[in-house]
Amino acid sequence: MRNKLGHFEKGHGEGFTTNRPKALKALVGIRLTPENKEALKNVPNWQERLREYIQSLINEDGE
């Protein structure tokens, strides 16, 4: 539900939902060159592919 200013009120039922088993809430920062950042953004589906690669790194080398 939105208030008179058009902002969502806390606890409203119209928010973002996910179909994932676990919501993506944790953030990880990484420093890149500006050129690499732009090149990465041009890769199709780069965010999901990067999540999958991170998971494979954890599975191979993590504890």
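Residues numbered from 1 in each chain as written. Predicted model: local features only at pLDDT ≥ 70, side-chain atom pairs only at ≥ 80, totals over all residues. Heavy atoms only, no water.

Caption draft 1: Local environment of the overall build of the chain. The helix and strand inventory of the chain stands at 2 helices and 0 strands. For the chain, whose C-alpha radius of gyration is 17 Å, the value lies well above the compact-globule estimate of 11 Å for 63 residues. The C-alpha extent of the chain, read off along each of the three principal axes, is 50 × 30 × 20 Å. Surface exposure of the chain reaches about 6,600 Å², of which carbon and sulfur atoms provide 54%. Across the chain, the mean location of the 11 positive side-chain charges is 9 Å away from that of the 9 negative side-chain charges. (Helix = DSSP H or I, 4+ residues; strand = E, 2+ residues; numbered from the N terminus. Rg over C-alpha atoms; globule rule 2.2 N^0.38 Å. Areas by Shrake-Rupley, 256 points an atom, 1.4 Å probe, with all protein chains shown as cover. Lys, Arg positive; Asp, Glu negative; His and termini not counted. Charge placed at Lys NZ, Arg CZ, Asp CG, Glu CD.)

Caption draft 2: Seen up close, a nonpolar patch on the surface. Together, Leu50, Tyr53, Ile54, Leu57 and Ile58 give the surface a local cluster of nonpolar side chains, amounting to about 430 Å² of exposed area. Positionally, Leu57 belongs in helix α2 (residues 46-61). (Patch = residues over 30% accessible without salt bridge, like charges linked within 9 Å, V, L, I, M, F, W, Y side chains within 5 Å. Salt bridge = Lys/Arg side-chain N within 4 Å of Asp/Glu carboxyl O.)

Caption draft 3: Structural context of the environment of Thr17. When you line up the elements, Thr17 lands in the segment before α1 (34-41). According to the relative accessible area criterion, Thr17 is exposed, its value standing at 64%. Each C-alpha atom, one on Thr17 and one on Glu52, is 21 Å from the other, the two residues being 35 residues apart in sequence. (Buried < 20%, exposed > 50% of the residue type's maximum accessible area, 1.4 Å probe, protein only.)

Caption draft 4: Region of interest: unusual backbone geometry. Of note in the backbone geometry, Asn45 takes a positive phi value of approximately 55 degrees without being a glycine. Residue position: Asn45 is located in the loop between α1 and α2.

Caption draft 5: Broad picture of the pattern of salt bridges. Summed over all chains, the structure comprises 3 salt bridges. Here Arg51 ties to Glu48 by a salt bridge, and the two come within 3.0 Å at their closest N and O atoms. Separated by 3 residues within a single helix, Arg51 and Glu48 lie in helix α2, roughly one turn from each other. Under the relative-accessibility criterion, Arg51 is labelled partly exposed at 35%. The partly exposed category is assigned to Glu48, whose relative accessible area is 22%.

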